[in-house]
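Coordinate analysis (summary)
If you want the building blocks of each chain, they are given just below.
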Amino acid sequence: MNTLPDYKNIMVHLTYSKSLRKGTMTEKRIIYLDHAATTPVKPAVLDAMRPYFTDHFGNPSSIYSIARESKKAIETARAQVAKALGAAPDEIYFTSGGSESDNWAIKGIAFANRKKGNHIITSAIEHHAVLHTCQFLEKEGFSVTYLPVDSSGLVDPQELEKAITDKTILISIMYANNEIGTIEPVAELGAIAKKHKIYFHTDAVQAIGNVPIDVKTQNIDLLSLSAHKFYGPKGCGALYIRKGVKIDNLIHGGGQENRRRAGTENIAGIVGLGTAIELATADIGGHNARIAVLRDRLLKGILDTIPNSRLNGHPEKRLPGNLNISFEFIEGESMLLWLDDEGICGSTGSACTSGSLEPSHVMLAIGLPHEIAHGSLRLTLGDANTEQDVDRVLDVLPKVVAKLRDMSPLYHKSGKEGGCNVQ
Amino acid sequence: MYSDKVMDHFKNPRNVGEIENPDGVGEVGNPVCGDIMKIFITVKDNIITDAKFKTFGCGAAIASSSMATELVKGKTLEEAWEVSNKAVAEALEGLPPIKMHCSVLAEEGIHKAINDYRKKQGLPEWEEKHPHSHDHGEEPVCEH
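Predicted, not measured: the structure shown is a model, and the values here were computed from it. (Residues numbered from 1 in each chain as written. Chains lettered and ligands numbered in written order. Predicted model: local features only at pLDDT ≥ 70, side-chain atom pairs only at ≥ 80, totals over all residues.)

1. Some words on the pairing of strand β6 (residues 199-203) of chain A
The two faces of the sheet receive side chains in turn, since in a regular strand these alternate between them. Residue and element names in this part refer to chain A. The element β6 is largely enclosed, with a buried count of five among its five residues. With burial as the criterion, each face of β6 is covered, one bearing Y199, H201 and D203 and the other bearing F200 and T202. Two elements, strand β5 (residues 168-172) and β6, share three bridges in a ladder whose sense is parallel. Across the sheet, S172 pairs through a bridge with H201, a residue of β6. The parallel pair β5 and β6, bridged by helix α7 (residues 186-195), forms a crossover whose chirality is right-handed. The sheet contact formed by β6 and strand β7 (residues 222-226) spans three bridges and is parallel. Paired with D203 across the bridge in β7 is S224. (Buried ≥ 20, exposed ≤ 12 C-beta atoms within 10 Å, placed from the backbone. Helix = DSSP H or I, 4+ residues; strand = E, 2+ residues; numbered from the N terminus. Pairing = 2+ DSSP bridges. Right-handed = clockwise from strand over helix to strand, strands pointing away.)

2. Focus on the pairing of strand β1 (residues 24-30) of chain B
All names here are of chain B. One ladder, built from seven bridges, connects β1 with strand β2 (residues 35-44); its direction is antiparallel. Counterpart to V28 in the pairing with β2 is M37. From the end of β1 to the start of β2, which pair antiparallel, there are four residues, and G34 there has a positive phi angle of about 85°.

3. Details of the environment of H370 of chain A
Residue position: H370 of chain A is located in helix α13 (residues 370-373). Classification of H370 of chain A as buried rests on a count of 21 C-beta atoms within 10 Å. Taking the C-alpha atoms as reference, H370 of chain A lies 45 Å from G244 of chain A; in sequence the two are 126 residues apart. Here H370 of chain A is in contact with P359 of chain A together with P31 and V32 of chain B, once residues within four sequence places are set aside. (Contact = placed C-beta atoms within 7 Å.)

4. Focus: the sheet that holds β2 of chain B
All names here are of chain B. A sheet is described by the order of its strands in space; here three strands give the open sequence β1-β2-β3, paired in antiparallel fashion. Looking at which strands have only one partner, the edges of the open sheet turn out to be β1 and β3 (47-56). On average, each strand axis in the sheet is tilted by 15° relative to the strand beside it, whichever way the strands run. Its contacts with the sheet place helix α2 (residues 59-72) against β2 and β3, and it is angled at close to 175° to β3. Along the sheet, helix α5 (residues 100-120) contacts β1 and β2; its crossing angle with β1, the most-contacted strand, is approximately 145°. (Axes fitted to C-alpha atoms, helices over the stretch in contact; angles between N-to-C directions.)

Here's what the structure looks like:
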């Protein structure tokens, strides 16, 4: 299998690639279009992290000077995260990543406020870290409303307001969807929560670095984020908790993170997160405009050259790098395998990659028929992608789709062969 | 996650296509579950002289169709009927557990094509040993 021997513009990977080439790795150029899954660590981020593995390894809870260095680094990172969100540093708590942050926000609010009520509102298209946490709480006696979304993936603020009862203690709606890229009207949803004095949590794992965020003006009480989605390291995230929010701890133990999240700090990870979020939010308009132009070029190219293809998600209210397209008559995994063979990394909402036979809950929630959901392809662009990458996909993808359609019994049944039926 | 053999049969599938005026056709699966196989056979003197397929599905579904058609070609109908999903999976050097249903689909596709031939010949259809594990009726339920 290929790794990332030729991941352009990422100096670290170029360095690694030299050593890989000495071995048995192929030199095939990789076009990485799965940035919603994870991103490579930026060289500046790795440089910032490196001293904290070796030189400044001290436990921040200790008294000696190398420990003070660790402590200082954590507080710098906390300030960087706070600035990126429009929060105060003492409202930022470091965690092991997006899943922990979601679990903490939802379980922490639920258990701390259960005397007030037992009702939670979320949406049908949340990440499993939110959905499965809510399902767990249902077994613990909570009741959960899963708001439907429209065909573009948007939650209707009026539906949210209607779902509120006097028992509602938490509303958790994601900032932007990981599969179809739809950006929810977070400020409006947050305002409704505020009006009814209900805590509002948003899973912003996909949004950081892609959309400007301000927790105060957007009425957000809790926000989850994860470093590896914006060119930071894996295994490190944060939860913003507005001052005054009543929340239980999730991880019990030592007094770290102002006695709210136990466990010796992942210092290098935290430093990486801080540097990465600063870089990701510094020129948020500029780099996203560039990515969106590439994305739109890719979209137009695909829709123009491949018949019976359609865009999933909202045409405008979507993450700049996200493209999700369904191709009729074919299945997503076989598309991915062929694309991988050409060095192109993407993902699908088809069942076949998820470990079940059901297609993704997001695809079904936006009303796609099962067979169309099975034929979805997600390509998510990032900082290193170029026009050449887009052109290469536009060269390869129509052939892949034609090849698979040619062997699909559905294609002939439909009588829509057109000029695409290449032998 | 796939064996080299699966990837070989996925990337270079044998016997893709349709047979004009086939002696038997078997279609199994459901688009709702993300896989459909259509198997075509030509039969001469009780022997399957040609087999082709069209498949909508994942890598394992395409590789299983390819391997199953390879395995039944040149066999008598009795021998072909005994080609089990396990035999298909073994010939592919294994399938991930979640993908075993693809080999079941291939076995059922072959069986359906054989019975289609027998029906056309006015012969009684043979009985499935493990019927309808994937061939759904009105309301499909996707199961492994």
